[in-house]
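Remarks on the overall topology
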Amino acid sequence: MFRSVGLGATVGLALAVGAHAEETTAVRREAAAVKGLAQPAELVVDRWGVPHIYARSARDAFFLQGWNAARDRLWQIDLWRKRGLGRLSASFGPAYVKQDRAARLFLYRGDMAAEWAAYGPDGREAVEAFAAGINAYVAEVRAGRRPLPVEFGLTESAPEDWSPEDVLRIRSHALVSNVASEVARARTICAGGVEADALRRRLEPARKVRVPAGLDPCDVPEDVLADYLLGTASVSFEAPRPASAGAKLAQHIDATSAEGSNNWVIAPERTATGRPILANDPHRAVGTPSLRYIAHLDAPGLSIIGAGEPALPGVSLGHNGHAAFGLTIFYIDQEDLYVYETRGDRYRYRGGWEPMRVVRETIEVKGEAPREVELRFTRHGPVLKQDDARGRAFALRTVWNEPGLSGYFGSARLWRAKSWDDFQAARDRWGAPPLNLVYADASGDIGWSAAGRTPRRPNWDGLMPVPGDGRYEWRGFLQDGGLPAVRNPKAGFFATANEMNVPKDYPMAERKLGFEWADRTRAARIHEVLAATAKATLADSMALQTDTVSAQARRAQALIAPLASDDPDVARALALLKAWDADERLDSPAAAIYEAWVVKHLGREVVAGNVASEEARRLIGAGSPDAILLWLENASPAVRAPLLLASLKAATTELRARLGPDMTAWTWGRLHRAKFVPAAAALADPQLADQMTVGALQVPGSASTPRAASWRAIDFQQTAGASVRLVLDVGAWDNSMAINTPGQSGDPFSPHYRDLFPLWAAGAYVPLRFSRAAVMGDAETVMSLTPAP
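In this text, all values refer to a predicted model and were calculated from it rather than measured experimentally.

Another point: the overall build of the protein. The helix and strand inventory of the protein stands at 26 helices and 29 strands. Compactness check: the protein gives a C-alpha radius of gyration of 26 Å against a globular reference of 28 Å for 789 residues, within 12% of the reference. In terms of its C-alpha atoms, the protein occupies a principal-axis envelope of roughly 75 × 65 × 55 Å. The proportion of buried residues among the 789 residues of the protein is 62%. Once local pairs closer than 6 in sequence are excluded, the contacts in the protein between residues at least 24 apart make up 74%. By element, 52% of the accessible surface of the protein is carried by carbon and sulfur atoms, the whole surface being about 28,300 Å². For the protein, the distance from the average site of its 92 positive side-chain charges to the average site of its 92 negative ones is 2 Å.

See below:
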């Protein structure tokens, strides 16, 4: 049933399924009594594993969402909670003590009353009910009435109970920036000067980097972010591989730079139906289980469907039966590294010496005595590193410390939004991560708003660490309405792809939102296609979400247009690249050559020829393709030609070694594959590890195409991309389409663990039903749930 099909077949599938108006006879029926449920309810799981929850109150809907999240994803959400709270050691032993200590540095430690109030009047009810639902399912597992996921057996651990505060206090699941880049910039400037850093990262709007007064960039040590990287890292069950602090920092920057997204809204006058379309495909690390989970909640006063984080109530992107909303990252700078002169646990501040606040905590350790650890904080935030011998300390100021910054939970204010004003009110209270929020409603309104807690830096730009002596202080945050927004744009559509999309008339010089954005290559292609489509359909948006044309590749083609080579391999590669349509299809040798050349080899050649310092070259690595191409576009032909040809030779040499001598067989699909291996598979026997592994399948596209498919240099395996895709027919909601990967379930033995993976890899979709009649037509299982005594 779940075969790889093309877009046309997918639309045909949707139409065929749409003909089902009544429940089929193949539906499985179950009944269960659930302790903590207040009134009878129903859970309908459709043939794609999507739960549709029908409850008699919003409280019961969120309760069952938590219960069902545990039913489908208990290992995943339990591990997320333990990682975020710093409780890994209690389940897995002493190897995780350092990670637990690091994670606790970034917990929210402020006023919980202010935290609850930040999410609106319904937020607390949702979180409390959701946590209670998880606990109800965990109790059933403990009692032997529900199965214990296999990963708990592999780790000899057990799931823990949740408190509602756990959901909110964990901040480190959210994406904020730019402390890693601040450190990389300081280290690069120390080793190679300001000019060298221009190859590492492009700044937009263009800006000359200035070292803040009082800062010596060489004071910033390479390992200053060791705790930050450890405290925000995923959990591994393999022995750590030796790597320098610089290598770990580079890996973190590479990974986070791949985590972008696409979204767009199209006005009624530009669609074939006269109804708006909203499309969203957030890009993060891909793997199993999926980062996101699709769910539908229906209760009096609440009707939402879409995708969200499985450890959070509600949905982050989707619709509520009247308005639709989607998100991508908008790169507000929400972090700063502060450098202090110290005397023991005191640091210089405004001419005096302030004591650090020392918090002592106990870390439970499985099989051993508990460990006592100390956490230090300055007025700016957690101390990441302290060097008493040099009299230096380093602390992070981040919006995570502020009330209302639980990652993605700002969406709680969107669940019941019915108008543009409601949408703007939700935008004004949004915290983290910083987002491009797009909106469309059944009345025909569409629009975009930037959203996120935005520090005001009156006397610096946030691009480098700053002294913590009082000269560089945030002056609060931008007030409501301080971020740009567009309602019903003249173009008839609005699209974002993490690019620098701040309007020209916005006072950027004063407000300095941020200067480090994603390469605009995806945005350029998306705008090109939308502008050329007079009457867009849902199929058009599905095709655009999976589009594999690289606008970035066109820039490189322009650079090589006048070049020739006497080297046979380079000459053939030049010919293929010049004749190429820039479409990174599976069967394209030019796509394979381009990706290996520009992403792996071109930047290293440019850096090697223009950066004298060995340490700076190591820090820059291959640079960002956008920054490297910009440098080459501004270089003279005599300078750039040797660099282009030498790097292309290096790429063809690598591909010959990997794929053989026949260049026509160097197809992108042979190199670029998706294979998902969960962390716990490292503990399993070969048969179970194979059951837990999904793939490999060939996948088209790359980080520079709308179908974002970032890959790792060692083996070209996809590491990040669209974990979920939604295309919403606003007002005719049952026509909407979606895909998650690899499936909805976290159980390796469930049919919904991998059933969506081949469809996702093929760029196909399944229906996202909303009306009860349509849901019942697609029902696989109907669970009648009643309160247990």
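From this point, things continue past the structure.
What follows is about the nonpolar core. Within the largest apolar cluster, 145 residues are counted, with the highest numbers of intra-cluster contacts made by W67, W415, W760 and L785. Here this core gets 13 residues from one element, more than from any other, and that element is helix 2 (residues 58–85). With sequence-adjacent residues up to four places away left out, L785 is seen in contact with A32, V34, L37, Q39, P40, A41, L43, L64 and W67. The next biggest cluster of nonpolar side chains, apart from the first, holds 48 residues, and it includes V176, Y347, A393 and L405.

Let us now look at the state of the cysteines. What the rule picks out here adds up to one disulfide. Paired by a disulfide, C190 and C218 hold their sulfur atoms 2.1 Å apart. Across the S-S bond of C190 and C218 the torsion is about 105 degrees, and the bridge reads as right-handed. Note that C190 is positioned in helix 9 (residues 179–192) and C218 in the loop between helix 10 (194–200) and helix 11 (226–231), a separation of 28 residues in sequence. According to the relative accessible area criterion, C190 is partly exposed, its value standing at 29%. Its relative accessible area of 38% is what places C218 among the partly exposed residues.

Packing of helix 17 (residues 551–560) against helix 19 (residues 589–610) leaves a shortest axis separation of 11 Å and a crossing angle of 85 degrees. With respect to each other, helix 17 and helix 19 are oriented roughly perpendicular. Contact residues: Q552, A553, A556 and I560 in helix 17; Y594, W597 and V598 in helix 19. Partitioning the contact of helix 17 with helix 19 into residue classes produces six nonpolar, one polar and no charged.

Our next topic: helix 9. Between the first and last C-alpha of helix 9 there are 20 Å, a value that for 14 residues agrees with the 20 Å anticipated at 1.5 Å per step. Most of helix 9 sits inside the fold, with 11 of its 14 residues counted as buried. Those residues of helix 9 not exposed but buried are V179, A180, S181, E182, V183, A184, R185, A186, R187, T188 and I189. Each element contacted by the buried residues of helix 9 is listed here: helix 10, helix 11, helix 12 (245–257), strand 10 (335–343), strand 16 (392–398) and helix 20 (614–620).

Moving on, we come to the packing of aromatic side chains. Using the criterion set out here, one finds 29 aromatic pairs in the structure. Residues F330 and W517 carry aromatic rings whose centres are separated by 5.0 Å and whose planes lie at 75 degrees to one another, so their mutual orientation is edge-to-face. Here the residue F330 occupies a position in the loop between strand 9 (323–329) and strand 10, and W517 occupies one in the loop between helix 14 (508–511) and helix 15 (521–531), the gap between them amounting to 187 residues. In this structure F330 comes out as buried when scored by relative accessible area, which is 0%.

Relative placement of two packed helices is described by the angle separating their axes and the distance separating the axes. Helix 21 (residues 625–634) packs onto helix 17 with a crossing angle of 30 degrees between their chain directions and a minimal axis gap of 11 Å. Compared by their axis directions, helix 17 and helix 21 come out roughly parallel. The interaxial crossing formed by helix 17 with helix 21 has left-handed handedness. Where helix 17 abuts helix 21, its residues Q552, R555, A556 and L559 lie against P625, D626, L629, L630, L632 and E633.

Okay, the sheet that holds strand 9 next. Sheet strands pair via backbone hydrogen bonds, and the direction of the pair is either parallel or antiparallel. If you walk across this open sheet you meet the 11 strands as 1-29-2-3-6-7-8-9-17-18-20, and the pairing is mixed. Since the sheet does not close on itself, it has two edges, and those belong to strand 1 (28–34) and strand 20 (485–487), each with one partner. Each neighbouring strand pair of the sheet contributes to a mean axis angle of 15 degrees, computed without reference to strand direction. Here strand 6 (residues 293–299) pairs with strand 7 (residues 302–308) via seven bridges, running antiparallel. Residue pairing across strands places I294 opposite A307, the latter belonging to strand 7. Sitting on the sheet, helix 2 touches strand 1, strand 2 (41–46), strand 3 (51–54), strand 6, strand 7 and strand 29 (779–787), and the angle it makes with strand 6 is about 155 degrees. Contacts between helix 13 (residues 420–428) and the sheet are confined to strand 17 (435–441), strand 18 (446–451) and strand 20, with strand 18 contributing the most and set at about 10 degrees to the helix.

Counted under the stated rule, the structure contains 59 salt bridges. Here R200 makes a salt bridge to E516, at a shortest N to O gap of 4.0 Å. In this pair, R200 sits in helix 10 while E516 sits in the loop between helix 14 and helix 15, placing the two residues 316 residues apart along the sequence. For the pair R200 and E516, one class covers both residues: buried. Within the structure, one salt-bridge network assembled from shared partners comprises R81, R87, E160, D166 and E364.

Mapped onto the elements of the fold, R725 is located in strand 26 (residues 724–729). Remark: the alpha-carbon pair of R725 and N263, spanning 462 residues in sequence, is separated by 9.7 Å. Excluding residues within four positions of it along the chain, R725 makes contact with N280, D281, Q545, T546, R707, M737, A738, I739, W760 and Y765.

Bringing the pairing of strand 16 into the picture now. Burial analysis of strand 16 places six of its seven residues in the buried class, the great majority of the element. One ladder, built from four bridges, connects strand 15 (residues 383–387) with strand 16; its direction is antiparallel. When the bridges of strand 16 are listed, V383 appears paired with A395. Linkage of strand 15 to strand 16, two consecutive antiparallel strands, is achieved through a turn of four residues, within which G391 is found at a positive phi near 65 degrees.

Checked against the element boundaries, D100 lands in helix 4 (residues 97–104). One buried charge, D100, has no salt-bridge partner; the nearest side chain with opposite charge is R104, at 5.3 Å. In terms of polar contacts, D100 uses its side chain to reach the side chain of S89, at 2.7 Å. Setting aside chain neighbours within four positions, we find D100 in contact with K82, G86, R87, L88, S89 and I363.

A separate point is the confidence of the model for the protein. In this model, the protein carries a mean pLDDT of 94, and residues with pLDDT of at least 70 account for 97%. Across residues 1–21, confidence stays below pLDDT 50; counting only partners more than four residues off in sequence or on other chains, it has 36 contacts.

All right, on to helix 13 then. Taken as a whole, helix 13 has its buried residues at W420, F423, Q424, A426 and R427. The arc that holds every buried residue of helix 13, seen down its axis, measures 160 degrees, which confines them to one face. Where helix 13 is buried, its residues contact strand 17, strand 18 and strand 20.

Here the focus is the environment of P282. Relative to the helices and strands, P282 resides in strand 5 (residues 277–285). Taking the C-alpha atoms as reference, P282 lies 6.6 Å from V724; in sequence the two are 442 residues apart. Not counting chain neighbours up to four residues away, the residues in contact with P282 comprise G260, S261, R292, L317, L327, G721, A722, S723 and V724.

Conventions and cut-offs
Residues numbered from 1 in each chain as written. Predicted model: local features only at pLDDT ≥ 70, side-chain atom pairs only at ≥ 80, totals over all residues. Heavy atoms only, no water. Helix = DSSP H or I, 4+ residues; strand = E, 2+ residues; numbered from the N terminus. Rg over C-alpha atoms; globule rule 2.2 N^0.38 Å. Buried < 20%, exposed > 50% of the residue type's maximum accessible area, 1.4 Å probe, protein only. Contact = heavy atoms within 4.5 Å. Areas by Shrake-Rupley, 256 points an atom, 1.4 Å probe, with all protein chains shown as cover. Lys, Arg positive; Asp, Glu negative; His and termini not counted. Charge placed at Lys NZ, Arg CZ, Asp CG, Glu CD. Core = buried A, V, L, I, M, F, W, Y, C linked by side-chain atoms within 4.5 Å. Disulfide = S-S within 2.5 Å. Axes fitted to C-alpha atoms, helices over the stretch in contact; angles between N-to-C directions. Parallel < 35°, antiparallel > 145°, perpendicular 65-115°, else oblique. Nonpolar A, V, L, I, M, F, W, Y, C, P; charged D, E, K, R; others polar. Expected span 1.5 Å × (residues − 1). Phe/Tyr/Trp six-rings, centres within 6.5 Å; stacked < 30°, edge-to-face > 60°. Left-handed = near helix turned anticlockwise from the far one by under 90°. Pairing = 2+ DSSP bridges. Salt bridge = Lys/Arg side-chain N within 4 Å of Asp/Glu carboxyl O. Polar contact = N/O pair within 3.5 Å; in protein donor to acceptor, adjacent residues only side chain to side chain. pLDDT = per-residue confidence, 0-100. Arc of directions from axis to C-beta.

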